[in-house]
Each structure stands twice: as C-alpha cells, then as structure tokens.
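Summary of structural features
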Amino acid sequence: MGKLRVLITNNQHVVKIPSGIRFLIRRCCHAVLVSEGIDNDAEISVSFVDNEKIKELNAKYRNKDIETDVLSFPLGDNNRFNIGEDGVILLGDIVISFEKAKQQASCYGHSIQREVAYLTVHSMLHLLNYNHENGGIEAVHMREREEAILNKIGLSRNGMYMNLNNDD
C-alpha cells in the first residue's frame, strides 16, 4: 500500500469529537484500500458536519431534503480515478454528520466509534464505485465488503471497539 493522506476537518460544534476518532478514520480508509487491492498513493477528504448542514448538502446534490448520516463525493467517474500532479489518486470527499452518527450509535446500541467506522468504510466503498442504491446483489455485495473490512479492524457487528490508546 502506498502512502495515504486523509484530510479531516471538523465543521460542526454540536457534538464533541472523541479522542482517537481521527486515527480510527485513517485506519478505516487504509483497511478499505488494502482490502480492495489499491497500492497507489491516495488522498481522501473527510469532513464532520451537523444535521442541518448534511440536510442542506443532501438537498443540493441528491435532491433529497432530509438529513442523512454520510455523503460521498467521488472525484473520478466511469470507474476511473482522478490523479493529482504528484501521482496521488484523489478519491474524493466524505461528509459525515457527527450529530447523526451519535444518534444512530445510540439507536443501534453500539459505540460512536463503531458507527463512525461503519460510515467511513461505507463511504469509502462508494468512492471506489460500489453502489447499493438499486438494491439486489449489488447491495448485498457492498454490505458483505463493509462487514469484512470492519471485522478485519476489530469492529465486528457484535464486537466492542477496543481503545487503541492513540490520540489524534
């Protein structure tokens, strides 16, 4: 695996970001790329927003005037990646509503770490052209990939997240 740049910004002030989340996101992005056999240097942008902002983005870019948990904005098209001047694959942007992630973690009975990891892996797979929107076998395949990757990093569906003792 080449070098991985994950640019993370917190553009919300509703929910405090727990320590270790940035490390976890980088770990998830790396695990997806390794799992998918991508050996090149790569760059991903991850932004945390609140429910109001993600609703606005969802309406603007997907014509869905509702809150959602995560949005993916791939930079490539037709299964081709954008390549930066330095040869780095520019995968795109991930936008996570940290407010929604916290609500969903509580609703599903697991940690915020598990929820953010799931949303990151899910969105990374979208950046790599996976799609579940039409249901069927594509959705099943994507869900299987998500769980396999989360299992590899120790975040199985019923497992508990182990603190890695790494601060951001």
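One can find the structure itself at the top, above this paragraph.
Residues numbered from 1 in each chain as written. Predicted model: local features only at pLDDT ≥ 70, side-chain atom pairs only at ≥ 80, totals over all residues. Heavy atoms only, no water.

Next up on the list: the overall build of the protein. When its secondary structure is counted, the protein shows five helices and five strands. When the helices and strands of the protein are placed in sequence order, the string is β-α-β-α-β-β-β-α-α-α. Its C-alpha radius of gyration of 15 Å places the protein within 12% of the 15 Å reference for a compact globule of 168 residues. For the protein, the spread of C-alpha atoms along the three principal axes comes to 40 × 40 × 35 Å. Here the protein holds 168 residues, and 44% of them are scored as buried. (Helix = DSSP H or I, 4+ residues; strand = E, 2+ residues; numbered from the N terminus. Rg over C-alpha atoms; globule rule 2.2 N^0.38 Å. Buried < 20%, exposed > 50% of the residue type's maximum accessible area, 1.4 Å probe, protein only.)

The subject of this paragraph is the environment of Leu 4. Counting through the fold element by element, Leu 4 comes out in strand 1 (residues 4-10). Residue classification places Leu 4 among the partly exposed positions, given a relative accessible area of 25%. In this structure the C-alpha to C-alpha distance between Leu 4 and Asn 151, which are 147 residues apart in sequence, comes to 21 Å. For Leu 4, the residues in contact, after removing those within four places along its chain, are Arg 26, Cys 29, His 30, Leu 33, Ala 42 and Ile 44. (Contact = heavy atoms within 4.5 Å.)

Pairing of strand 1 with strand 2 (residues 42-49), which is carried by seven bridges, proceeds in the parallel orientation. Following the sheet pairing, Val 6 is matched in strand 2 by Ile 44. The parallel pair strand 1 and strand 2 is bridged by helix 1 (residues 21-35), and the resulting crossover is left-handed. (Pairing = 2+ DSSP bridges. Right-handed = clockwise from strand over helix to strand, strands pointing away.)

Let us look at the packing of aromatic side chains. Counting across every chain of the model gives two aromatic pairs. Seen from their ring centres, Phe 48 and Phe 98 are 5.0 Å apart, and the 75° between their planes marks the pair as edge-to-face. Taken as a pair, Phe 48 in strand 2 and Phe 98 in helix 3 (residues 98-108) lie far apart in primary sequence, 50 residues in all. The pair formed by Phe 48 and Phe 98 is uniform in burial state, with each residue classed as buried. Look at Tyr 61 and Phe 73: their rings are 5.2 Å apart centre to centre, the planes differ by 75°, and that puts the pair in the edge-to-face class. With Tyr 61 in helix 2 (residues 51-62) and Phe 73 in strand 3 (residues 70-74), this residue pair connects regions lying twelve residues apart in the sequence. (Phe/Tyr/Trp six-rings, centres within 6.5 Å; stacked < 30°, edge-to-face > 60°.)

Attention now moves to the pairing of strand 5 (residues 89-97). Regular strands have side chains that alternate between both faces of the sheet. Most of strand 5 sits out of view: seven of its nine residues are buried. Summarising the sheet, strand 2 and strand 5 pair through eight bridges and their orientation is parallel. Bridged to Ser 45 within strand 5 is Asp 93. Both strand 4 (residues 82-83) and strand 5 contribute to a ladder of two bridges, which runs antiparallel. For Asn 82, the partnering residue across the bridge sits in strand 5 and is Leu 90. What sits between the antiparallel neighbours strand 4 and strand 5 is a turn of five residues, in which Gly 87 has the positive phi angle 85°.

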